[in-house]
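# Survey of secondary and tertiary structure
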Amino acid sequence: MSVRVRIAPSPTGSLHVGNARSALFNWLFARHHGGTFILRLDDTDVERSEEHHVVQIQESFRWLGLDWDEGVGVGGPHGTYRQSDRLDRYAEVVDGFLARGIAYRDFRSPDELDELRRAAQAAGGPPRVPSGASGDPVADLARAEAGESFTVRFAVPAEGAVEFDDVVRGPMRFDLANEDDFVLVRSSGMPTYHLASTVDDVDYEITHVARGEDLLASTPKHILITRAMGAEPPTYAHMPLLFGPDGKKLSKRHGDTSVRAFMDAGYLPEAMFNFMCLLGWSYGEDREVFSKEEAVAAFDLDAVGKNTAVFDTTKLDWLNGEYIRALDGTDFVDRVRPMLGDLDPEQERRFEAIASLVQERTKKLPEAADQVGFLFVADDAIEFDEASWRKQMTKDFSRPALEGGLAVLGDLEPWTTEAIDGALRGNLETQGLNARKGLQPLRVALTGSAVSPPLFESMEVLGKDATVARLERALSMVEDPAGD
RNA sequence: GGCCCCGUCGUCUAGUGGCCUAGGACGCCGGCCUCUCAAGCCGGUAACGCCGGUUCGAAUCCGGUCGGGGCUGCCA
């Protein structure tokens, strides 16, 4: 039997990294086994589901490189893959359950149920709410047709147990005595997640359900429904949850943890992919950096770990730098250019000339844009970083460095990195300054900051005129501190 | 309260009775390199929650305990 797995986000928000990680593992599993990866929408919560989330969720998956074979947007043999379009099918299943006495209509009010729950809990034993079955389906139907509000509940057997073998956690056993008669259909007529999701899994012939550990305790419900439908339950794999750096379950208060946020922050999808693989799974061989293809070849669900992982992006930052450095030079230029705004031909030339030097020293794409900013401003409009100025331009070496630099560069020919290097080093000797003192003021004069791409190369890219102009301007400001 | 899951360096993890005086990676610290910052290279810091048991031998098996987490909804 060929592997069929699914990811079923609910479009009540943007795609969260936790869901993305689940999707990733499902995708890896499907690809490893040559199976089918399905994207389904669990949108039974009509109150909170929104269409723009549907669009963004798909965008996030595509960005990460998780392509799906069936489902939303791509179609397949099972319709639209949206639960809101399958209401008739759920009703059909429930009617069958009702007819066979596997489910019943429950007319108790929420308040009444709360009361019962509290009482059961106070009793100390299992907090199971007593069955609300009247034992008279005909009368129930009459009440329903008369317009009384009701839910449909699954009649969980009072005794026995549900057992299954979890791929990640091993043998599981849940006593039914602890299981409530759970709701299948809300009073609004909409199916619950448990019903819709399970019916879909059966109908779509899902072979492996790999999802977050938070659903582990709900699995007996799903198995009960599956069996009631006369089907064999799929293989389950409950994957560890993701936590925030504070050790608490990942949520909004840990900042924006949507995939979209990482997209916008300038992370490379390859790096994000690689990073998420590391959360709960290990490539082995002491390897942390690997390609998608390598991950597909090595991955399997039974190798997924049991313990929760803290979503700490420190390592992601490092990985992103690794991937940026590994980028083809033109690829890097293409990815950064959109962040620079409109460039004239001269600015474009400067950017491309210095790109490779910036590529080596950036961890996130937007940083690269910051680092080349000095190439695009007018020579008399450089803004000086205050701390840099104080440290390099207010010292006794500041003037000699600038004046000496100007003296040797003024009529330097040819204007190349090598020639600039030689000229400036010669000046260091005549001034009796070490490289640190003799060159830093020039860097600040040129770029506005004590941190920049390599100085000589920057000068070459800027050209002699611009270089001289910037040095002169800075020198004039050093002479007259009040002029700053 | 009840049911269930988990517990190796700060973080992600390797480890399935001896190869472990516990390995790798990120981070951090120090050094080298060096025109700044990165990168790179070298070195260092740092963990089997605790207590019992099984065994010649336990991070690995069992029990307990403590700690964290999930579920307990007409959310998913």
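Only a predicted model underlies this, so the values are computations on that prediction, with no experimental measurement involved.

Secondary structure summary: chain A contains 20 helices and 12 strands in total. Against the 2.2 N^0.38 benchmark of 23 Å for 484 residues, chain A shows a C-alpha radius of gyration of 32 Å, more extended than a compact globule. Counting only residues that meet the buried cut, chain A has 50% of its 484 residues in that class. For chain A, the accessible area works out to roughly 22,400 Å², and carbon and sulfur atoms hold 50% of it. Across chain A, 52 positive and 82 negative side-chain charges occur, with their mean positions spaced 4 Å apart.

Here the domain parsing of chain A yields domain 1 (86-239), domain 2 (252-325), domain 3 (329-376) and domain 4 (386-477). Put simply, the middle of domain 2 and the middle of domain 4, counted by C-alpha atoms, are 42 Å apart.

Before going further, it helps to examine the sheet that holds strand 3 (residues 70-71). Strand order in the open sheet made by the 3 strands is 1-2-3, with parallel pairing throughout. In this open sheet, the two strands that pair with only one neighbour each are strand 1 (4-7) and strand 3. As defined by bridge partners, strand 1 adjoins strand 2 (residues 36-39) across 4 bridges and the pair is classed as parallel. Bridge assignment links R6 to a residue of strand 2, and that residue is I38.

Moving on: the pattern of salt bridges. Counting across every chain of the model gives 42 salt bridges. Where E163 meets R173, a salt bridge forms, and the shortest distance between an N and an O atom there is 3.4 Å. Of this pair, E163 sits in strand 6 (residues 161-166) while R173 is found in strand 7 (residues 170-175), placing the two residues 10 residues apart along the sequence. Look at E163 and you get partly exposed, because its relative accessible area is 49%.

This brings us to the environment of L316. By secondary structure assignment, the location of L316 is in helix 11 (residues 314-326). Residue classification places L316 among the buried positions, given a relative accessible area of 0%. Once the C-alpha coordinates of L316 and L278 are considered, the two residues, 38 residues apart in sequence, prove to be 9.9 Å apart. Non-local contacts of L316, meaning those with residues more than four positions away in its chain, are made with F262, Y267, A271, M272 and F275.

About the thresholds
Residues numbered from 1 in each chain as written. Chains lettered and ligands numbered in written order. Predicted model: local features only at pLDDT ≥ 70, side-chain atom pairs only at ≥ 80, totals over all residues. Heavy atoms only, no water. Helix = DSSP H or I, 4+ residues; strand = E, 2+ residues; numbered from the N terminus. Rg over C-alpha atoms; globule rule 2.2 N^0.38 Å. Buried < 20%, exposed > 50% of the residue type's maximum accessible area, 1.4 Å probe, protein only. Areas by Shrake-Rupley, 256 points an atom, 1.4 Å probe, with all protein chains shown as cover. Lys, Arg positive; Asp, Glu negative; His and termini not counted. Charge placed at Lys NZ, Arg CZ, Asp CG, Glu CD. Domains from an automatic or database assignment. Pairing = 2+ DSSP bridges. Salt bridge = Lys/Arg side-chain N within 4 Å of Asp/Glu carboxyl O. Contact = heavy atoms within 4.5 Å.

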